[in-house]
Amino acid sequence: MTVQQHQLANGFRVVSENMPGLKSAAIGIWITAGGRHERVEQNGIAHFLEHMAFKGTKTRSALQIAEAIEDVGGYINAYTSREVTAYYARVLQNDVPLAMDVISDIVLNPVFDPTEIEVERGVILQEIGQAHDTPDDVIFDWLQEESYRGQPLGRTILGPTERVSAFSRDDLADFVGEHYGPGQMILSAAGAVDHDVLVRTAEVLFGHLKPKPNRDILPAQFVGGEMRQSKVLEQAHFALAMESPGYRDDAIYTAQIYASVLGGGMSSRLFQEVRESRGLCYTIFAQTGAYADTGMTTIYAGTSAGQIGELANITIDEMKRAASDMNPEEVARARAQMKAGMLMGLESPSNRAERLARLVQIWDEVPPLEETVTRIDAVTTGDVRDFAETIAATAPAALALYGPIDEAPSLGKLQERRAA
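Asker: Help me get a handle on the environment of V138, residues and values and all.
Answerer: Along the chain, the position of V138 falls in helix 5 (residues 135-147). Counting along the chain gives 38 residues from V138 to M100, while the straight-line C-alpha distance between them is 36 Å. In contact with V138, not counting residues within four places along its chain, are A131, H132 and Y402.

Put into structure tokens, the structure is as follows:
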């Protein structure tokens, strides 16, 4: 399997990887236009635009878009994150040209029919309502907001109801005009694909686009803070975040290994101590997420009202203990889990296409897989202990609590416990 790249004269990038033996392919367009690229009055518009892409083009109705892919047994979808919007499909080998045509059509030729805007506005408002009824969604939105308060990176992807209720056709067109340039787009494909054919087709479909200047984004600063709301729920939801490296920082591998040891699986410290030994929760985990210039190590758990205080305090104690007695066996296990998870995931053409797009977005190239494995293997127990010490003692923190949380300690109390 060989990764191939090409850039059109207007800046549009193509990256692909042929996977011998496959009869299908994953293909999509990744656009550097996500939630953090919105101005405050635009919050939620990138996600709204993603929805509208499937609501009709100059040549296809909404139904015809769905039928074009599903008639050949394929699958088409999209998502919006804080840094990208992606439109992608999975089809059989012979239908790759069709998928490219449909995806280019929905990206380049949306009509933004006023009637469809109102229909989809209602769908998105229902999506926001559903998120508000889902404690897991609520608490992570709050945690993001407190971590990056007052910044684009801290706003929700769905946007507030009042903004979504007011977006107009011109607002959607303006966001496309600002951010959907060829230099912001990456065509990524994996599986049964021919790179030269992809490049020729991309030249026809996207080669005519005029370059747009890259819009500066506000650098992120992890500020930390606390959000808590009491509500009658079955569980008290607890989420704690500490500042971590961004994905361009080599320390990201250390952060990921630390999170795995702390709460990445059934053998992790938090799972064993909080769930297995004490029975305080059903779900507890730690994870590390990264952006271009910042990142977060996050711990989440749900427990009963009477046990939230004990769970929070044990979490801090386990963070501190990891800084002093992290052992080589744990680090080796976490390294193995990271490599296995990455390599197993790359057996899927969809995962591989997404990885290619993200690496090109980050580095403008795809580093060899062996280089990534080498970087993971290079992380030592001492590196992880040093990182654990920073996380436990000095890293800025944010806390979100939701449900029956009257007995939960404040962020200030947890900070005192960290410093003790």
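So that's the structure; there's more coming.
Asker: Before we move on, could you go through the pattern of salt bridges and cite the residues and values that matter?
Answerer: A pair can form between side chains of opposite charge whenever their charged atoms are brought close. Tallied over the entire structure, the rule returns 26 salt bridges. For E17, the salt bridge identified is with R352, shortest N-O distance 3.0 Å. Within this pair, whereas E17 is found in strand 2 (residues 13-18), its partner R352 is found in helix 13 (residues 349-363), the two being separated by 335 residues in sequence. Like R352, E17 is buried.

Asker: If you had to explain the packing of aromatic side chains to someone new, which residues and values would you point to?
Answerer: For the structure on display, the rule yields 9 aromatic pairs. For the ring pair F140 and Y300, a centre distance of 5.6 Å and an interplane angle of 40° mean the geometry is tilted. Residue F140 is found in helix 5, and its partner Y300 is found in strand 10 (residues 295-303); the two are separated by 160 residues along the sequence. The buried category is assigned to Y300, whose relative accessible area is 5%. Geometrically, the ring pair formed by Y148 and Y291 is edge-to-face, given 6.5 Å between the ring centres and 90° between the ring planes. Of this pair, Y148 sits in the loop between helix 5 and helix 6 (161-164) while Y291 sits in the loop between strand 9 (284-290) and strand 10; the two residues are 143 residues apart in sequence, bridging distant segments of the chain. For the pair Y148 and Y291, a shared accessibility class is recorded, and that class is buried. Counting every residue linked through ring pairs, the aromatic cluster contains F140, F285 and Y300.

Asker: Could you give an account of the packing of helix 10 (residues 269-277) against helix 11 (residues 308-325), naming the residues involved and the relevant values?
Answerer: When two helices pack together, their arrangement is given by the angle between their axes and by how far apart the axes lie. The N-to-C vectors of helix 10 and helix 11 enclose an angle of 145°; their axes lie 10 Å apart at closest approach. As helix 10 runs across helix 11, the sense of the crossing is right-handed. Here R269, L270, E273 and V274 of helix 10 come into contact with helix 11, specifically with L311, I314, T315, E318, R321, A322 and D325. Partitioned by chemical class, the residues of the contact of helix 10 with helix 11 number 5 nonpolar, 1 polar and 5 charged.

Asker: Can you break down the sheet that holds strand 2 residue by residue, with the values?
Answerer: Pairing in this open sheet of 6 strands is mixed, and the strands run 1-2-6-3-5-4 from one edge to the other. Either end of the sheet is taken by a strand with one partner, and the two such strands are strand 1 (3-7) and strand 4 (75-80). Here the average twist between neighbouring strands, direction ignored, is 15°. Here 5 bridges tie strand 1 to strand 2, and the two strands are oriented antiparallel to one another. Following the sheet pairing, H6 is matched in strand 2 by V14. Across the face of the sheet, helix 8 (residues 195-206) comes into contact with strand 1, strand 2, strand 3 (24-31) and strand 6 (185-191) while running at roughly 155° to strand 2.

Asker: Now, about the side chain of S16: what can you tell me, with residues and values included?
Answerer: With respect to the helices and strands, S16 occurs in strand 2. In this structure the side chain of S16 is engaged in a polar contact, spanning 2.8 Å, whose partner is the side chain of H195. Excluding residues that lie within four positions of it along the chain, S16 makes contacts with T2, V3, Q4, A189, V193, H195, L198 and L356.

Asker: Account for the pairing of strand 5 (residues 85-92), with residues named and values stated.
Answerer: Relative to strand 5, strand 3 runs antiparallel, the two being bridged by 8 bridges. Across the sheet, I31 pairs through a bridge with T85, a residue of strand 5. Pairing geometry for strand 4 and strand 5, over 6 bridges, is antiparallel. Residue pairing in the sheet places I76 in a bridge with A89 of strand 5. Between strand 4 and strand 5, which pair antiparallel one after the other, the connecting turn spans 4 residues.

Asker: Give a description of helix 5 that names residues and reports values.
Answerer: If you check helix 5, its first and last C-alpha atoms are 18 Å apart, about what 13 residues at 1.5 Å a residue would give, namely 18 Å. Taken together, the buried residues of helix 5 touch helix 4 (114-132), strand 7 (225-230), strand 8 (236-244), strand 10 and strand 11 (397-403).

Asker: How would you summarise the environment of Q235 if you had to cite specific residues and measurements?
Answerer: Along the chain, Q235 falls in the loop between strand 7 and strand 8. Between the C-alpha atoms of Q235 and D171, which are 64 residues apart in sequence, the distance is 40 Å. Among the polar contacts listed, one links the side chain of Q235 to the backbone oxygen of G302, at a separation of 3.2 Å.

Asker: Can you lay out the sheet that holds strand 11 for me, pointing to particular residues and giving the numbers?
Answerer: Strands sit in the order 7-11-8-10-9 across an open sheet of 5 strands; the sheet is mixed. Two strands close off the open sheet at either side, each with one partner strand: strand 7 and strand 9. Neighbour to neighbour, the strand axes of the sheet diverge by 15° on average, direction disregarded. The pairing of strand 7 with strand 11 spans 6 bridges and is parallel. Each bridged residue has a counterpart across the sheet, and for R228 the counterpart in strand 11 is L401. In the packing of helix 16 (residues 411-419) onto the sheet, contacts are made with strand 7, strand 8 and strand 11, and the angle to strand 11 comes to roughly 130°.

What counts, and at which threshold
- Residues numbered from 1 in each chain as written.
- Predicted model: local features only at pLDDT ≥ 70, side-chain atom pairs only at ≥ 80, totals over all residues.
- Heavy atoms only, no water.
- Helix = DSSP H or I, 4+ residues; strand = E, 2+ residues; numbered from the N terminus.
- Contact = heavy atoms within 4.5 Å.
- Salt bridge = Lys/Arg side-chain N within 4 Å of Asp/Glu carboxyl O.
- Buried < 20%, exposed > 50% of the residue type's maximum accessible area, 1.4 Å probe, protein only.
- Phe/Tyr/Trp six-rings, centres within 6.5 Å; stacked < 30°, edge-to-face > 60°.
- Axes fitted to C-alpha atoms, helices over the stretch in contact; angles between N-to-C directions.
- Left-handed = near helix turned anticlockwise from the far one by under 90°.
- Nonpolar A, V, L, I, M, F, W, Y, C, P; charged D, E, K, R; others polar.
- Pairing = 2+ DSSP bridges.
- Polar contact = N/O pair within 3.5 Å; in protein donor to acceptor, adjacent residues only side chain to side chain.
- Expected span 1.5 Å × (residues − 1).

Note that every value here comes from positions in space, so none of it alone points to a role or purpose.
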